[in-house]
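# Residue-level structural notes
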Amino acid sequence: MPMAPPPDFDTLTMADIARLADEDRLPPVDRWHPAHCGDSDMRIARDGTWFHQGSPIGRAAMVRAFSRILRREPDGGYVLVTPGEKLDIAVEDAPFVAVEMKRAGEGRDATLAFRLNTGDTVTASADHPLRFVETPDGPHPYLLVRGGLEALVTRAIYYDLAEIALSGDDATPGVWSAGTFFPLAA
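Criteria and thresholds
Residues numbered from 1 in each chain as written. Predicted model: local features only at pLDDT ≥ 70, side-chain atom pairs only at ≥ 80, totals over all residues. Heavy atoms only, no water. Helix = DSSP H or I, 4+ residues; strand = E, 2+ residues; numbered from the N terminus. Expected span 1.5 Å × (residues − 1). Buried < 20%, exposed > 50% of the residue type's maximum accessible area, 1.4 Å probe, protein only. Arc of directions from axis to C-beta. Contact = heavy atoms within 4.5 Å. Core = buried A, V, L, I, M, F, W, Y, C linked by side-chain atoms within 4.5 Å. Pairing = 2+ DSSP bridges. Axes fitted to C-alpha atoms, helices over the stretch in contact; angles between N-to-C directions.

So, on to helix H3 (residues 155-167). In a regular helix each residue adds 1.5 Å, so 13 residues correspond to 18 Å; H3 covers 18 Å between its end C-alpha atoms and thus fits that length. Those residues of H3 lying buried are Ile157, Tyr158, Leu161, Ala162, Ile164 and Ala165. Projected onto a plane normal to the axis of H3, the buried residues spread over an arc of 160° and lie on a single side. The exposed residues of H3 that point more than 90 degrees off its buried face are Ala156, Tyr159, Glu163, Leu166 and Ser167. For H3, the secondary structure elements touched by its buried residues are strand S7 (96-104), strand S8 (111-116), strand S10 (130-135), strand S11 (138-146), strand S12 (149-153) and strand S13 (174-177).

Here's what the structure looks like:
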C-alpha cells in the first residue's frame, strides 16, 4: 500500500499535528534484531539528501519509506533494519532535517512544531527536546525525533528560534514548547 503524501504543513493546526503524530505507526525497528548483512551503500548528507551508490534518491516516497526503517545503534552508528536484515547506512550529521516550524502561543504557553524533510512532524517537548551544539561555524540546533535519531534544524529556523528567545523575558535566552524550556546555549 503506497504512503499518502504528507499534508501541507502550513494548513495544519497544532491539534492536526498532534493527531498525525499519534496516528503515525512506525515499524517496531527497536524489536528487530536480524544478523548484520553488510553495508547498504547508502548515505544521508548533512543537507538531508539521501544517496544510493553515489546518486541522490529522487523519489520522496522512497526516502520516507527508508527513513521509517532507520535505527540508531548503541555504538552510535545507523542501520536500515527489517525483520530479516540489517545494513549500515552512513549519516554525515543527523538523519533528518527540520525544514519548517510552526509556533502557537507565547512564552511558557508556546508550542513549536516542526516538519522534517521526510514529511514527518515533531513537536518539541520533554520527549522531543531541542538541543544546541556550539561549533566553530556557529550553533547547530537539533531536535530529537525518535530512538536517538535527531533532526538538524535549518539555519533559517535557528534564526527564528533565536528571535523568539531574545524577545522573551527568561533569565537565560531560550524557547518554550509544550511546557519545557530549551536554553539556546549549549
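Picking up where we left off.
We now examine the nonpolar core. Formed by 38 residues in total, the largest nonpolar core has its most connected members in Trp50, Leu70, Ile89, Phe114, Leu130 and Val175. With six residues, the top contributor of residues to this core is H3.

The next subject is the environment of Leu161. With respect to the helices and strands, the residue Leu161 is situated in helix H3. Of the residues examined, Leu161 reaches a relative accessible area of 0% and is grouped as buried. On a C-alpha basis, the gap between Leu161 and Met101 in space is 9.3 Å, while along the polypeptide they are 60 residues apart. Beyond its immediate sequence surroundings of up to four residues, Leu161 is in contact with Met101, Leu112, Phe132, Val153, Val175 and Leu184.

Another aspect to go through is the sheet that holds strand S1 (residues 36-44). The strand order across the open sheet built from six strands is S3-S2-S1-S6-S5-S4, with neighbouring strands paired in mixed fashion. The open sheet is flanked by strand S3 (55-56) and strand S4 (70-72), the only strands paired with a single partner. The pairing of S1 with strand S6 (residues 86-91) spans five bridges and is classified as parallel. For Asp39, the partnering residue across the bridge sits in S6 and is Asp88. Strands S1, strand S2 (50-52), S4 and strand S5 (78-81) of the sheet are contacted by helix H2 (residues 60-67), whose axis makes an angle of about 95° with S2.

Turning to the sheet that holds S11, a few remarks are in order. Strands sit in the order S9-S8-S7-S12-S11-S10 across an open sheet of six strands; the sheet is mixed. Of all the strands in the sheet, just strand S9 (121-123) and S10 have a single pairing partner and so form its edges. Strand-to-strand twist across the sheet, computed as the mean angle between neighbouring axes with direction ignored, equals 40°. Relative to S9, S8 is paired through three bridges, and the arrangement is antiparallel. Within S9, the residue paired with Arg115 across the bridge is Thr121.

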